[in-house]
Amino acid sequence: MRLRRESEYGLEGLKVLARQREGGIMLVQEIASAGDLPEYFLAKIFQKLSRRGVVISHRGAVRGYSLARPADTITVREILEAIEGQGVFEQCIFWPAQCSQQHPCSLHHRW
């Protein structure tokens with residue numbers, strides 16, 4: 001198992017959003033531009049993050065996304081689970097061909 005580009009883009013987009021003042025709202029286009037990310041793909045990723053409560057989707061006169069809570073309370077684990085799915089931590093992303101429950105790698109139990 002290896003993390004997909006989707007996770008990389010999601011993390012980069014969240015970094016851009018986290019640099020805003022608390023509660024700051026940005027359009028997906030602005031986030032994509034600031035992070036040099038593909039806008040359409042980022043929009044799909046942010047929908048996943050919204051469903052899992054990482055970001056809030058704003059509609060109406062002020063549209064866009066904001067973090068659902070302060071950045072320092074959002075974990076990488078919940079971000080990856082929102083994007084990759086619940087099973088992301090059940091397989092080794094470091095050495096998937098060699099790591100298993102029977103022959104764990106050095107990072108197996110920490111991951």
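Rules used in this analysis
Residues numbered from 1 in each chain as written. Predicted model: local features only at pLDDT ≥ 70, side-chain atom pairs only at ≥ 80, totals over all residues. Heavy atoms only, no water. Buried < 20%, exposed > 50% of the residue type's maximum accessible area, 1.4 Å probe, protein only. Helix = DSSP H or I, 4+ residues; strand = E, 2+ residues; numbered from the N terminus. Contact = heavy atoms within 4.5 Å. Phe/Tyr/Trp six-rings, centres within 6.5 Å; stacked < 30°, edge-to-face > 60°. Core = buried A, V, L, I, M, F, W, Y, C linked by side-chain atoms within 4.5 Å. Pairing = 2+ DSSP bridges.

1. With respect to helix 4 (residues 76–84)
Piece 1. Burial analysis of helix 4 places 7 of its 9 residues in the buried class, which makes it a mostly covered element.
Piece 2. Along helix 4, the positions that sit buried rather than exposed are Glu78, Ile79, Leu80, Glu81, Ala82, Ile83 and Glu84.
Piece 3. Elements in contact with the buried residues of helix 4: helix 1 (5–18) and helix 3 (39–51).
Piece 4. With its phi angle positive at about 110 degrees, Gly85 sits one or two positions after the end of helix 4.

2. Concerning the packing of aromatic side chains
Piece 1. Scanning the entire structure with this criterion turns up 2 aromatic pairs.
Piece 2. Their ring planes at 75 degrees and their centres at 5.2 Å tell us that Phe46 and Tyr65 sit as a pair that is edge-to-face. Linking Phe46 in helix 3 with Tyr65 in strand 2 (residues 64–67), this pair joins segments that are 19 residues apart in sequence.
Piece 3. The class for Phe46 is buried, based on a relative accessible area of 0%.

3. Observations concerning the nonpolar core
Piece 1. Ranked by size, the top nonpolar core spans 21 residues in total, and within it Leu14, Leu17, Phe46, Leu49 and Val55 carry the most contacts.
Piece 2. Elements represented by at least two residues in this core include exactly helix 1, helix 2 (28–35), helix 3, strand 2 and helix 4.
Piece 3. If near-sequence neighbours (up to four positions away) are discounted, Leu49 is found in contact with Leu14, Val54, Val55, Ile79, Ala82 and Ile83.

4. Comments concerning the environment of Leu11
Piece 1. Considering the arrangement of structural elements, one finds Leu11 in helix 1.
Piece 2. On the accessibility criterion, Leu11 (29% relative accessible area) is partly exposed.

5. Digging into the environment of Val62
Piece 1. The topology assignment puts Val62 in the loop between strand 1 (55–58) and strand 2.
Piece 2. Measuring from C-alpha to C-alpha, the distance between Val62 and Met26 comes to 9.1 Å, with 36 residues separating the pair along the chain.

6. Overview of the pairing of strand 2
Piece 1. Alternating positions in strand 2 separate into two faces, Gly64 and Ser66 on one and Tyr65 and Leu67 on the other, with burial throughout.
Piece 2. Connecting the antiparallel pair strand 1 and strand 2 is a turn made up of 5 residues, with Gly60 showing a positive phi of about 100 degrees.

7. Some thoughts on the pairing of strand 1
Piece 1. Taken together, the 4 bridges between strand 1 and strand 2 define a ladder with antiparallel strand orientation. Paired with Ser57 across the two strands is Tyr65, which belongs to strand 2.

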